[in-house]
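Spelled out from the first residue to the last, the chains are:
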Amino acid sequence: MKRNLVYIFLLLIILSACNESVKSPVMVNAKPALYPDYSDVTVPASIAPLNFTITAEKFDRIDVVVSGSKHGELHVQSKDVIQFPQDEWKQLLSDNKGKDLKVVVSLKLDGKWKQYQPFAIHVSEYPIDYGLVYRMIAPGYEVYSKMGIYQRDLSSFDQKAIVENTLVTGSCVNCHAFNKNNPTEMNLHIRGANGATMLLVNGKMELYTTKTDSTISSCVYPYWHPSGKYIAYSVNQTRQAFHVVRNERIEVFDQASDVVVYDIKTNQLTTSPLLKTADFETFPVFSPDGKTLYFCVSKKQDIQSNYKKIKYSLCKIAFDPASGKFGNKIDTVISATKTGKSISFPRPSFDGKYLMYTQSDYGNFSIWHREADLYLLDLKTGESRPLKEVNSDNTESFHDWSSNSHWFVFSSRRGDGLYTRLYIASVDDKGNVSKPFLLPQKDPRFYDASLFSYNVPEFVTAPVRVNANELEKGLLKKDRKKMEYVKY
Amino acid sequence: MNKVLKYSGGILSFSFGIAVWLFFALAYSNHLHYQEQFQMFLFTSDYWADLMSRPGGLADYLGTFFTQFYYHSWLGAFFIALFLVLLQQQVSFISSRLKDNPLLYPLTFIPSIIFWVLFCDENYLLASLIAVMLTLLAVQLYFYLRHPLVRIIFAAMMLLALYWLVGGVFWIFALICICVELFFFRQFTKFQWIVLIALFVICIATPPLLTKQSLQYPLSRLWWGISYNRYSTVSPVLLLLAWISIPLVSLMFLLPVKSMGSKSAIFWLCAEVIALIVVGDWFVRHSVDGAKEEIMAYDYNVRMQNWDQVIAMADRKTPDSPLSVACLNLALCKEGKMNDNMFHYFQNGPEGLLPSFKRDFTVPMVVSEIYYHLGFLNTSMQYDFEAMEAIPDYKKSSRAIKRMAEVNLLNGEYKVAEKYLHMLQHTLFYSSWANEAMQCIGNETKMDADPEWAQLRQYRMKEDVLFSEEQKDQMLGLLFMNCKTNRMAYEYLIAYTLLNKDLNHFVQYFPIGKTLNYKEIPVHYQEALLAFWAGSGRKMADFPWPVSQTVGERFNNYARLSSSGGYAEEQIKDLYSQTYWYYLQFRK
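Quick caveat, the model's predicted, so the values are computed rather than measured.

### So, the overall build of chain A
Working step 1: For chain A, the count of helices and strands is 6 helices and 35 strands.
Working step 2: Expected size for 488 residues packed as a compact globule is a radius of gyration near 23 Å; at 25 Å, chain A falls within 12% of this value.
Working step 3: Projecting the C-alpha coordinates of chain A onto the three principal axes gives extents of approximately 80 × 55 × 45 Å.
Working step 4: Per-residue burial for chain A yields a buried fraction of 44% across its 488 residues.

### Concerning unusual backbone geometry
Residues and elements named next belong to chain A.
Working step 1: Put simply, tyrosine 35 and proline 36 share a cis peptide bond, and its omega is -10°.
Working step 2: Unusually for a residue other than glycine, lysine 180 sits at a positive phi of about 50°.
Working step 3: Looking at where lysine 180 falls in the secondary structure, it is placed in the loop between strand 13 (172-179) and strand 14 (182-191).
Working step 4: Judged by local crowding, lysine 180 falls into the partly exposed class, with 15 C-beta atoms found within 10 Å.
Working step 5: Backbone geometry places asparagine 202, a non-glycine residue, at a positive phi of 50°.
Working step 6: Relative to the helices and strands, asparagine 202 is located in the loop between strand 15 (196-201) and strand 16 (204-209).

### Looking at the confidence of the model for chain B
Working step 1: Per-chain confidence: chain B averages 95 in pLDDT, with 99% of residues scoring 70 or above.
Working step 2: Interface predicted TM-score (ipTM) for the complex: 0.93; the corresponding pTM is 0.94.

### Observations regarding the nonpolar core
Residues and elements named next belong to chain A.
Working step 1: Membership of the largest hydrophobic core comes to 117 residues, with the highest contact counts inside it found for Ala232 and Tyr262.
Working step 2: Counting contributing residues, this core receives three or more from each of domain 1 (30-124) and domain 2 (131-477).
Working step 3: Leaving out residues up to four positions away in the same chain, tyrosine 262 has contacts with Cys219, Tyr230, Ile231, Tyr233, Leu269 and Met483.

### Some thoughts on the interface of chain A and chain B
When the parts of a complex come together, some accessible area is lost, and that lost area is often used as the size of the interface.
Working step 1: Opposite the 31 residues of chain A that make contact, chain B presents 32 residues.
Working step 2: For the side of chain A that touches chain B, the secondary structure elements donating two or more residues are strand 12 (159-164), strand 18 (230-243), helix 5 (446-449) and helix 6 (468-477) of chain A.
Working step 3: Pairing of strand 18 of chain A with strand 1 (residues 466-467) of chain B involves 2 bridges; the strand directions are antiparallel. Across the sheet, His243(A) pairs through a bridge with Leu466(B), a residue of strand 1 of chain B.

### Side note on the sheet that holds strand 29 (residues 396-401) of chain A
All names here are of chain A.
Working step 1: A sheet is described by the order of its strands in space; here 4 strands give the open sequence 29-30-31-32, paired in antiparallel fashion. Lying at the two open borders of the sheet, with one neighbouring strand each, are strand 29 and strand 32 (437-438).
Working step 2: Sheet topology note: the strand 31 (residues 421-426)/strand 32 ladder contains 2 bridges and is antiparallel. Paired with tyrosine 423 across the strands is leucine 438, a residue of strand 32.

### Points about helix 28 (residues 523-535) of chain B
All names here are of chain B.
Working step 1: A rise of 1.5 Å per residue sets the reference length of helix 28, with its 13 residues, at 18 Å; its end C-alpha atoms lie 18 Å apart and thus fit the reference within 8%.
Working step 2: Of all 13 residues in helix 28, 10 are buried, a share of seventy percent or more.
Working step 3: Those residues of helix 28 that fall on the buried side of the exposure criterion are Val523, His524, Tyr525, Gln526, Glu527, Ala528, Leu529, Leu530, Ala531 and Trp533.
Working step 4: Among the structural elements, helix 17 (338-341), helix 26 (487-499), helix 27 (503-509), helix 29 (549-562) and helix 31 (580-586) are those in contact with the buried residues of helix 28.
Working step 5: Directly after helix 28, the chain includes glycine 537, whose backbone phi takes a positive value near 85°.

### So, the domain arrangement of chain B
Working step 1: For chain B, the assigned domains read domain 1 (2-268), domain 2 (291-459) and domain 3 (523-588).
Working step 2: Put simply, the middle of domain 1 of chain B and the middle of domain 3 of chain B, counted by C-alpha atoms, are 63 Å apart.

### Remarks on the domain arrangement of chain A
Residue and element names in this part refer to chain A.
Working step 1: Here chain A is partitioned into domain 1 (30-124) and domain 2 (131-477).
Working step 2: Only strand 2 (41-44) and strand 3 (52-53) provide two or more residues apiece to the side of domain 1 that touches domain 2.
Working step 3: Among the elements that line the side of domain 1 that touches domain 2, the one with the most residues is strand 2, at 4 residues.
Working step 4: Residue classes in the side of domain 1 that touches domain 2 are distributed as 12 nonpolar, 7 polar and 1 charged.

### Notes on the sheet that holds strand 12 of chain A
Residues and elements named next belong to chain A.
Working step 1: An order of 12-11-10-33 is seen for the 4 strands of this open sheet, with the pairing classed as antiparallel. One side of each edge strand has no neighbouring strand; the edge strands of this open sheet are strand 12 and strand 33 (453-460). Across this sheet, the average inter-strand angle for adjacent strands is 25°, counted without regard to direction.
Working step 2: Examined bridge by bridge, strand 10 (residues 131-137) and strand 11 (residues 148-153) share 6 bridges and lie antiparallel to one another. Note on strand 11: the bridge partner recorded for glycine 131 is aspartate 153.

### Comments concerning the packing of helix 15 (residues 307-316) of chain B against helix 16 (residues 322-334) of chain B
Residue and element names in this part refer to chain B.
Working step 1: Two elements in contact, helix 15 and helix 16, have axes whose closest approach is 9 Å; the angle formed by their N-to-C orientations is 125°. When the axis of helix 15 is compared with that of helix 16, the two are oblique. The handedness of the crossing between helix 15 and helix 16 is left-handed. Contacts between helix 15 and helix 16 pair Trp307, Val310, Ile311 and Ala314 from the former with Cys327, Leu328, Ala331, Leu332 and Lys334 from the latter.
Working step 2: Taken together, the residues of the contact of helix 15 with helix 16 sort by class into 8 nonpolar, no polar and 1 charged.

About the thresholds
- In every chain, residue numbers begin from 1 and rise along the written sequence.
- Just so you know, chain letters begin at A and ligand numbers begin at 1, following the order they were written in.
- Under the rules for a predicted model, residues below a pLDDT of 70 receive no local features and side-chain atom pairs below 80 are neither given nor counted, while totals for whole chains, interfaces and linings still include all residues.
- Secondary structure elements follow DSSP: runs of H or I of four or more residues count as helices, runs of E of two or more count as strands, with numbering from the N terminus.
- Just to be clear, the radius of gyration here is over C-alpha atoms, and the globule rule we use is 2.2 Å times residues to the power 0.38.
- The exposure label follows from counting other C-beta atoms within 10 Å of a residue's C-beta, where the C-beta atoms are placed from the backbone and the thresholds are 20 or more for buried and 12 or fewer for exposed, leaving partly exposed in between.
- pLDDT: the predictor's confidence for each residue, scored from 0 to 100.
- To count as a nonpolar core, a set of buried Ala, Val, Leu, Ile, Met, Phe, Trp, Tyr and Cys residues must be joined through C-beta atoms within 7 Å.
- How far each domain reaches was decided by an automatic or database domain assignment.
- Here the contact rule is simple: place C-beta atoms from the backbone, and any two residues whose C-beta atoms are within 7 Å are in contact.
- Any two strands are treated as partners once DSSP identifies two or more bridges connecting them.
- Expected span of a helix: the number of residues minus one, times 1.5 Å.
- As a working rule, the residues Ala, Val, Leu, Ile, Met, Phe, Trp, Tyr, Cys and Pro are called nonpolar, Asp, Glu, Lys and Arg charged, and the rest polar, with Gly in that last group.
- All axes here are fitted lines through C-alpha atoms, helices being fitted over the stretch that makes contact, and every angle between N-to-C directions spans 0 to 180 degrees.
- Any angle that falls under 35 degrees is termed roughly parallel, while one over 145 is termed roughly antiparallel, one within 65 to 115 roughly perpendicular, and all others oblique.
- Definitions for this section: a left-handed crossing has its near helix turned counterclockwise from the far helix by less than a right angle. A right-handed crossing has that turn clockwise.

Written as structure tokens, this is what we have:
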């Protein structure tokens, strides 16, 4: 026993010797250039450690001290990247909920230390959902390699596959959506020879064919009705084209598109004639009370000659959840004619206060538009503003709200201009939006080596449980429930 | 007798190795180049961790490690030869332990010959061979374990480990271990046999089933192996044959062989060797795909910008597939010979100039080269990206990443370029290029010091349009109008109309090339102008363009023969198959 204690003591001495003390540092009158930039961000208390490094300058050692304004301190030193111990990090954030963490970074080069001005990390009082679900895919053109839908626990670095396209050869997965972030009510689409739309209702899986004789395509861009009784989809005839100039790549258009609503109980797909016109209707979403259907619409244009004139307005139509009937008029919420811009991906917050959308110069596939930015519409005042707090000079596109509407996640190409990464920001009760933070990874250099883009991030309140073996069997059986179209 | 047997083994193995090396280095080298480009081995922990996270990871890792040496085909061929000889030595070791039977030594080449045959198919990967070798290495270790209990524990543990390290071939280990127990150790009690067999059944059945619970692959792939073939849907029968041949050969050593004199022994050995050579030769010959090797050779030479070698290949044997013809046309254009010489070779329409996009991993990679040299940088990058994404085993392509890094550099997309270059810095054969290219990030002066890059930066499109596969002539026209010194764009535009037999557009586009200051109208253009004029019904006396006397006289003669009927076509073919007129009139 005594001998063991001696060993433990010696081990502690050896370990403590690994951390050098920062002696007589030269003070630098600037904040450190972190990678990723986590300075002055607001984070939920449950977030995984914000590991970082510094790439802008060389160093032999990096020393970081994080101290809570209420309680606790964390001291980490490394020769390349700062990786905080998860348990201590969790405790520190938990102890300082609603307060700030002060972070002091020191660098050692050629035997001399220098210390930067401290920066803060604000620990929010608002909790965040359990995790995120997103698609990981190379930002390609028409062909896809390995890809899948994955879930990430936000309190750790654990990422698990929900469905990967290795499961069924030649498949592609997309269009995942949840009802108010509930993982037991999920939509997922699998393309390919064994394709299907999978609906998970109360955890029970069913595979569907969503193409009907009366609709122009299979159902895409799903959005659940808050009651769980309906799903709004758009049906789109989509094509791609490719730019030839240096700073543009891909253009995705709809040659035709309509909005439809699926009644899960009756297995009926229907729409209003107002949503199935010669114009391009797309991106339907229900309001949190379920009584309004928002969507985007543009006048039909010839794509080859007038593709830059395709501009989508944000519109809405009344919806009666009891009868499944639509109102008899469409209201324009934000007119593309007035703004001269185009709206995509409208997403109402679950508290009914806001509607967030992406605005770009034209078209509906803002993912490939550098000028695409996030905008926030205040549903009470009707005022809309660009989210300067989170926008960058590169693409900001798909976004989703946490179940308490105090956090939103969005995809952005600001990292390297091509590979989309996920950023999270908070909105407080007064509508103040915080500086976003990049989804943390165990090794902060992870994104540099990754050839995947993160698509369509969706919050979930608990882990998603899709039985991949059951899904594989179902897909290979080719036995599908066919949605029935009913004329309105 | 003993001396003969002693030395014959080594000589046979050495000769076999040399034969394999010569075959892959000289006759099949482009298959190796082809394979190398569809993977990207990285000296990073992430790459290791990624491959090791699935069954067969170590075999895949070592397979891709050695496949990177295919960049130099002679070196790649050396490793294939080395591994096939090592496999033969392993089979010999195991077989001779069961029963020393030197007269049957040549049979130990059978598994290696089967793998040689398999490797004639470019989609069988080196990992399949390394997986077998690692499995046999485990068998070799098994021979050194003297205690039955230790062997039982070792066999069970090794089976589990082998599944993860080498993949689907792991059960061969159990099969051979049973042979070893039956015919080498012969120590087991009944109870020990029951334990061993029970453990084998459990250790073979459970790993794929357990893996299925955590990895999303079809169960069949988890059984047969993920990384042995580029395609997931290919039948595993040939691999099964290779695997089964190993215990079968070993068991053949148990056959009783009468003792014989040295002459008989030599005769017996020679007969076996000759039989193996004849049978092996037949199988290898029937597995070789010369047509693919030829296309791969064209592609390799285009990739390396060996334009004269491309033309020399075509001079030896005129290419006839759209891809090889497209490579030839690119080489002719780069060498300034397209306008005068392209119809000296077989032409198969516009598809032999700019092949259409296909959702596969080979065609777009080749076509990307053409768009790159033309100055359609985005389209070139798109084709490379698509080719890489279409690689069936989901590997990344060092060739495609290099091109994508290059195009992003030229486009001024430095962050993405840096990402790709950083990856290439972790490779063996692309790192020095990546280090050089890294210095061009944000440094346009340094980029312009490279003549090719400087030219491409001039050629790239300044005004945006949406690229149209269906209107390639318009795209080429826009590219030329974008930079009127882009000779290649002009010549491709004209070639496109000629190959389309679209003389009206040819005549419309022909004058825009004035800025290129040709000394005289190129021969094929003269031929096309004469054909257009004659076809328009106007008087030849009013022909407005200057043509050489030779071309004019040949045209008159052609027109006379063409209108005479009878056996004229054969005569025309003999005299004029290298003219545009012949293509216009007779090529479908």
